Amino acid sequence: MHVVILGNGISGVTAARWIRKLSDHQITIISSESQYFYSRTALMYIYMGHMRFEDTKPYEDWFWAKNRIDLVFDHVNEIDFEKKELKCNSGEEIKYDKLVLAVGSESNKFGWPGQDLNRVRGLYSLQDLEYLESCTKSMNRAVIVGGGLIGIELAEMLLSRRIPVTMLVREEYYWDNILPKEEARMISRHIRRHGIDLRLQSNLKEIHDDGSGNACGITIAESGERISCEYVGLTPGVSPNVRWLKESGLNINRGILVNQYLETNINDVYAVGDCAELTNPVEGRRGIEAIWYTGRMMGETCAYNVCNQVRSYDPGIWFNSAKFLDIEYQVYGEIPNQLPGAHKTFYWEHPDGEKSLRINYHDRDFHIIGFNLMGIRFRHEVCEKWIADQLPIEEVMSNLALAHFDPEFYDAHYRDIVKSFESQSNMSIEFNGRVNLNRVLQFLNS
Amino acid sequence: MSQVQPSMSLANPHPPFFDTAQRIWAGISFLGIGMMGAAGFGVASLNKSHFLTLSIALLAIGIIGFSYRTFLTRSEGIKNNGVWFSSTMARGMIGWAAGIVITLFYVLLYWYPAYLGLGSEGGSNVGLVGFFDPLSMTFKGVPASQWFVYGTLYTLAIVLFGIRFIWRYRHNRYQIIRTLSVMGFQLFFAYMIPEIMEGLNSDLNTKWFDKDLKNMWPLDYDFFDQWHIANMSTTGLVGWSFLIFSLLLIFFISPLLTYKYGKRWYCSWVCGCGGLAETAGDPFRHLSDKSMKAWKIERWLIHGVLVFSIIMTIAVVYGYLGDGNQYYITRTTFTWIVVSLLIASAVVMYFFMRKNKYSGESLNKIIAGISGVVVIILIINSLAGSGNAFFVDNYFFKKWYGLLIGAAFSGVIGVGFYPLMGSRVWCRFGCPMAAILGIQQKFFSKFRITTNGGQCISCGNCSTYCEMGIDVRMYAQKGQDIVRASCVGCGICAAVCPRGVLRLENGSLDIFEKTENVRNIHIRPEASTTS
């Protein structure tokens, strides 16, 4: 059987690796972005000079032949689902028995005047990065539209080249459509501390043309202020890359609709990662979750289904991470920006204003719901077990140091945190201070 | 919090990664080096103590000023901006030039010290060595040797670039403490204490032995030499203390600390070679080769050197034990001690490798094979009453080891190739000490680098900045703990990780199953739902 995977991002590549582990099928991955799989999350580090492109490839080039995964560097223009055939740009036609669509996202554009000018671009692909690099030389200021994870990365990248950055963010605080207010405020502060001209509650009105088709400035809708710039980074999120499939017969809403087995409406065609939209996501989760980790999980799940070992997609307990300039962010479990009625929240912030811990718990039986961390590292498995076991907050607080994952000799703030929790909640906590790896292992195996 | 004005414009929005201030500081340090260079090329008028002081001061001020400007004027955190665009740090013109110059310096140091100005046959020093005479006179009242010059420059490099390193990673207390440790061990144990002690005890000057307490066999490959043992055992309490402590270090303290903390206690906290790599070598750490091929070469090479150093030491000791019975043990006793040690360690290794399940039969066979051959040859020669342990002249191994490993590998290649192959070329491919500690670390140590659940994004920063060329990401993206013989526990992978995935940890509970947990397998076999 020939399995063709369209897209060589984390979802497609994970699917390929697992199909190889589970079967002897012929596997082909097609991509027109890069010859070999690279880590999209590392694009920023190439531009900043932390890594070269080849350093972002998670597997050495011999890996693919050794695992009998064929790589085709070509663009698929059309899919004939009847004949089970892909038509490539080069004219080549590739037949498949099963097809996995892992075609990713594209950057959002909201119909702004001037959005299609030169020197206006999102940041998603290797080509986007190359384009940014080609514009860098003659850049005196850049404007970034949209405050999300890509926007802040783009800002950090440009700062590394000492290019002044203005950032337009629609929300009251940076990313406060996801982050609770305190954290959003902290990150907004941090962004400004780095010299980024952060404009909150500001929308883009239009992008100006310098007369030769290049962007030369923008106007802010609210204030009418005009800002000159030589580059406009559009980073108001991404959407599934499905426009080219609209007429293909696939059921498409915002993304390619799939059931819990990641099957589309067409036989032997699957969709995974950013481009897939679950028709019935598990409770509390969204249909589209365009992040690295869910892409990886979908790829693995899909591989089982492709190999006729039926597994339904279960993303498990939510987790994610990011880095906002110098502040690392981790989240485990459910931490919405607005506190749901039945939840209580505990928030602790370090006096330096760059570290925080939030724990949400249920207001009746006090069982733990989620953790939000800024500038502090927690151990994934411990948090997951606490959440899965629905432990009460008192017990978690007593054993908070079990989750400690900061490097050795770092200040542990657990005593402060517990004290602050006691005074906020009127509960009395018996704190187990010293924790070593053996105790963590005992806990995880209990 | 003030907003930045959009009209704010920088004079030059695309400066090179070095600004004027950095250039001035660099210029000052080059002035200091230039003075040493000029003295080296025979400007004799410079050979005065105040010029030496001035030269070292300029060097220090330049390096410290440059580091201050580079790191303390920006926010705390990992900022490897422009590393791969730099001519110095990314094998550009300057990198190659630096590599060639350092290599040449080492060639002169080891084989042509006269060109550095070492006075021949009791003649007085000129050139670079002469330039350092005043300092040597201060310490111990004798003129400098090329090794005194080398030791001084080496220590200066560790201390000055150590300050740079601490500023670069000033948000990370593990890095700060570890670096203070290597700076202290070099400055006091390897440099000041031995030099001052020699000044205070004139017989220590004539009866030279290695007074660097932290230098351990087999890295210190002269340790069991006849003259070395003899000099230690004839210099009273001082010598005997060194002898006894060194033996304790080799056979007791080192295995214990490696069991508790991994080889990092030595390689990135104490060792001088490691100290230079971590400080002066830090700008080049990313140049190590991460490929599977390099890993294969590494394993053959480093364990080859280990075998070589063991055979060499056995031959040397066997050789001089024949001289009579002033050494408490006879040649025959020595033979049986070595034979039992080799057999015992092969058996212990076999036992632990079986328990660990992560090494193939082939490794056991290789170890058993080599130990077997060495044991048989040694017994044959001993029983036959041969003067040579391994058929050829006992000193034959020592001569070639000294030339190929001691000088060419650890010195010339080990440091000269920093700007080309990264800072740990010697530690990774050659050091027999690292090989022994590595075997312990892999098979019986509590140390490992834990990966944090499913948080890895495969970005590659950890692998890129691993000076030992470990493909850390390969493990992290699987969610598997990293247990590698070569890991020196510098902790930089954990520092550069943007997602908090890595942590250096010690734990005894899972010591033989450290690598079995693979956390990024999302679907467990039992989690099947059949439709």
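All figures in this text were calculated on a predicted structure; none of them were measured in a lab.

**A short note on the domain arrangement of chain B**
Residues and elements named next belong to chain B.
Phase 1: Segmenting chain B into domains produces domain 1 (292–432) and domain 2 (445–506).
Phase 2: Between domain 1 and domain 2, the C-alpha centre-to-centre distance is 30 Å.
Phase 3: With seven residues of domain 1 at the contact, the number on the domain 2 side is nine residues.
Phase 4: Carbon and sulfur atoms supply 56% of the area that domain 1 and domain 2 bury against each other, a total of about 680 Å² over both sides.
Phase 5: When the buried surface of domain 1 facing domain 2 is broken down by residue, W295, R424 and R428 rank first, second and third, together holding 65% of it.
Phase 6: Linking domain 1 to domain 2 there are one salt bridge.
Phase 7: The residue E467 makes a salt bridge to R424 at a minimum N-O spacing of 3.3 Å.
Phase 8: Remark: the boundary between domain 1 and domain 2 carries two residue pairs in polar contact (both at pLDDT 80 or more).
Phase 9: Listing elements by their share of the side of domain 1 that touches domain 2, those giving two or more residues are α13 (292–321) and α18 (425–429).
Phase 10: For the side of domain 1 that touches domain 2, the per-class residue count stands at three nonpolar, one polar and three charged.

**What about the pattern of salt bridges?**
Close approach of charged atoms lets side chains of opposite charge pair.
Phase 1: Going through the model one piece at a time under the given rule, you end up with 47 salt bridges over all chains.
Phase 2: A salt bridge links R377 of chain A to E328 of chain A; the nearest nitrogen and oxygen atoms lie 2.8 Å apart. Here the residue R377 of chain A occupies a position in the loop between β25 (368–374) and α8 (380–388), and E328 of chain A occupies one in strand β22 (residues 327–333), the gap between them amounting to 49 residues. E328 of chain A carries the same exposure label as R377 of chain A, and that label is buried.
Phase 3: Shared partners join several salt bridges into a network, and the residues in it are R164, R168, R178, E278, D282, R285, R424 and E467 of chain B.

**Let's talk about the packing of aromatic side chains**
Residues and elements named next belong to chain B.
Phase 1: Throughout the structure, instances matching the rule amount to 49 aromatic pairs over all chains.
Phase 2: Through a chain of ring-to-ring contacts, the aromatic side chains of F105, Y106, Y110, W111, W147, Y150 and Y154 assemble into a single cluster.
Phase 3: Its guanidinium or amino end placed over the ring of F209, K211 lies 4.7 Å from that ring's centre, counting from NZ or CZ.
Phase 4: For the cation-ring pair, R484 lies above W295, with the distance from its terminal atom to the ring centre recorded as 3.5 Å.

**Overview of the pairing of strand β1 (residues 2–6) of chain A**
Regular strands show a simple pattern: their side chains alternate between the two faces of the sheet.
Residue and element names in this part refer to chain A.
Phase 1: Counting buried positions along β1 gives five out of five residues, so the element sits mostly inside the fold.
Phase 2: By the alternation rule, side chains of β1 split into H2, V4 and L6 and V3 and I5, which are all buried.
Phase 3: The pairing of β1 with strand β2 (residues 26–31) spans five bridges and is classified as parallel. Considered in β2, the bridge of V4 is made with T28.
Phase 4: Considered for its hand, the β-α-β crossover made up of β1, helix α1 (residues 10–22) and β2 is right-handed.

**Overview of the interface of chain A and chain B**
Phase 1: Contact with chain A, which involves 82 residues of that partner, is made by 79 residues of chain B.
Phase 2: At the boundary of chain A with chain B, total buried surface from both sides reaches about 6,400 Å², with 49% on carbon and sulfur atoms.
Phase 3: With a closest N to O distance of 3.1 Å, R173 of chain B and D411 of chain A form a salt bridge.
Phase 4: The interface formed by chain A and chain B contains 42 residue pairs in polar contact (both at pLDDT 80 or more).
Phase 5: Sorting elements by how many residues they give to the side of chain A that touches chain B places helix α7 (residues 292–306) of chain A first, with seven residues.
Phase 6: Residue classes in the side of chain A that touches chain B are distributed as 34 nonpolar, 20 polar and 28 charged.

**With respect to the environment of Y261 of chain A**
Phase 1: Within the secondary structure, Y261 of chain A sits in the loop between β18 (256–258) and β19 (269–271).
Phase 2: Through-space distance from the C-alpha of Y261 of chain A to that of G375 of chain A is 37 Å; in sequence the pair is 114 residues apart.

**Concerning the sheet that holds strand β4 (residues 76–80) of chain A**
All names here are of chain A.
Phase 1: Spatially, three strands are ordered β4-β5-β6 in an open sheet, and the strand pairing comes out antiparallel. Looking at the sheet topology across the chains shown, the edges are occupied by β4 and β6 (93–95). In this sheet, neighbouring strand axes are inclined to one another by 20 degrees on average, regardless of whether the strands run parallel or antiparallel.
Phase 2: Here strand β5 (residues 85–88) pairs with β6 via three bridges, running antiparallel. Residue pairing for β6: L86 is matched across the bridge by I94.

**What about the packing of helix α2 (residues 49–72) of chain B against helix α6 (residues 146–168) of chain B?**
For any two helices packed against each other, the geometry is given by the interaxial angle and the distance between the axes.
Residues and elements named next belong to chain B.
Phase 1: Relative to each other, α2 and α6 sit at 15 degrees, their axes nearing to 9 Å. Between α2 and α6, the angle falls in the class roughly parallel. Here the hand of the crossing between α2 and α6 comes out right-handed. Across the interface between the two elements, I56, L59, A60, I63, I64, S67, Y68, F71 and L72 of α2 pack against L156, L160, F161, I163, R164, W167 and R168 of α6.
Phase 2: For the contact of α2 with α6, the class distribution of residues is 13 nonpolar, one polar and two charged.

**Some remarks on the nonpolar core**
All names here are of chain A.
Phase 1: Counting 141 residues, the largest nonpolar core has I79, L158, F371, F378, W386, M397 and L400 as the members making the most contacts within it.
Phase 2: No other element matches the eight residues that α7 contributes to this core.
Phase 3: When near neighbours in sequence (up to four residues on either side) are disregarded, M397 contacts F346, I359, I417, V418, F421, I429 and F431.

**Some thoughts on the pairing of β2 of chain A**
All names here are of chain A.
Phase 1: Across the six residues of β2, five count as buried, placing the element largely inside the fold.
Phase 2: Here β2 pairs with strand β3 (residues 69–73) via five bridges, running parallel. Paired with I30 across the strands is V72, a residue of β3.

**Quick look at helix α12 (residues 272–279) of chain B**
All names here are of chain B.
Phase 1: Of all the eight residues making up α12, seven are buried; the element is thus mostly covered by neighbouring parts of the structure.
Phase 2: Restricting attention to buried positions, one finds in α12 the residues G272, G274, G275, L276, A277, E278 and T279.
Phase 3: Of the surrounding secondary structure, the elements contacted by the buried residues of α12 are α6, α7 (173–200), α11 (264–267), α16 (394–416) and α17 (418–421).

**Remarks on unusual backbone geometry**
Phase 1: Cis geometry marks the peptide bond from W217 of chain B to P218 of chain B; its omega dihedral reads 5 degrees.
Phase 2: Looking at the secondary structure, you find P218 of chain B in the loop between α8 (202–206) and α9 (226–233).
Phase 3: Backbone geometry at R68 of chain A places phi at a positive 50 degrees, although glycine is not the residue there.
Phase 4: Among the structural elements, R68 of chain A can be located in the loop between α3 (62–66) and β3.
Phase 5: With a relative accessible area of 43%, R68 of chain A lands in the partly exposed category.
Phase 6: For Q390 of chain A, which is not a glycine, the phi torsion comes out positive at approximately 50 degrees.
Phase 7: Looking at where Q390 of chain A falls in the secondary structure, it is placed in the loop between α8 and α9 (393–398).

**Section: the environment of W64 of chain A**
Residue and element names in this part refer to chain A.
Phase 1: Mapped onto the fold, W64 is located in helix α3.
Phase 2: Accessibility expressed as a relative area gives 2% for W64, which makes it buried.
Phase 3: Taking the C-alpha atoms as reference, W64 lies 39 Å from F443; in sequence the two are 379 residues apart.
Phase 4: Discounting chain neighbours no more than four positions away, the residues touching W64 are V13, I29, Y36, F37, Y59, I69 and L71.

Cut-offs used in this document
Residues numbered from 1 in each chain as written. Chains lettered and ligands numbered in written order. Predicted model: local features only at pLDDT ≥ 70, side-chain atom pairs only at ≥ 80, totals over all residues. Heavy atoms only, no water. Domains from an automatic or database assignment. Contact = heavy atoms within 4.5 Å. Buried area = accessible area lost by both parts, 1.4 Å probe. Salt bridge = Lys/Arg side-chain N within 4 Å of Asp/Glu carboxyl O. Polar contact = N/O pair within 3.5 Å; in protein donor to acceptor, adjacent residues only side chain to side chain. Helix = DSSP H or I, 4+ residues; strand = E, 2+ residues; numbered from the N terminus. Nonpolar A, V, L, I, M, F, W, Y, C, P; charged D, E, K, R; others polar. Buried < 20%, exposed > 50% of the residue type's maximum accessible area, 1.4 Å probe, protein only. Phe/Tyr/Trp six-rings, centres within 6.5 Å; stacked < 30°, edge-to-face > 60°. Lys NZ or Arg CZ within 6 Å of the ring centre and 35° of its normal. Pairing = 2+ DSSP bridges. Right-handed = clockwise from strand over helix to strand, strands pointing away. Axes fitted to C-alpha atoms, helices over the stretch in contact; angles between N-to-C directions. Parallel < 35°, antiparallel > 145°, perpendicular 65-115°, else oblique. Left-handed = near helix turned anticlockwise from the far one by under 90°. Core = buried A, V, L, I, M, F, W, Y, C linked by side-chain atoms within 4.5 Å.

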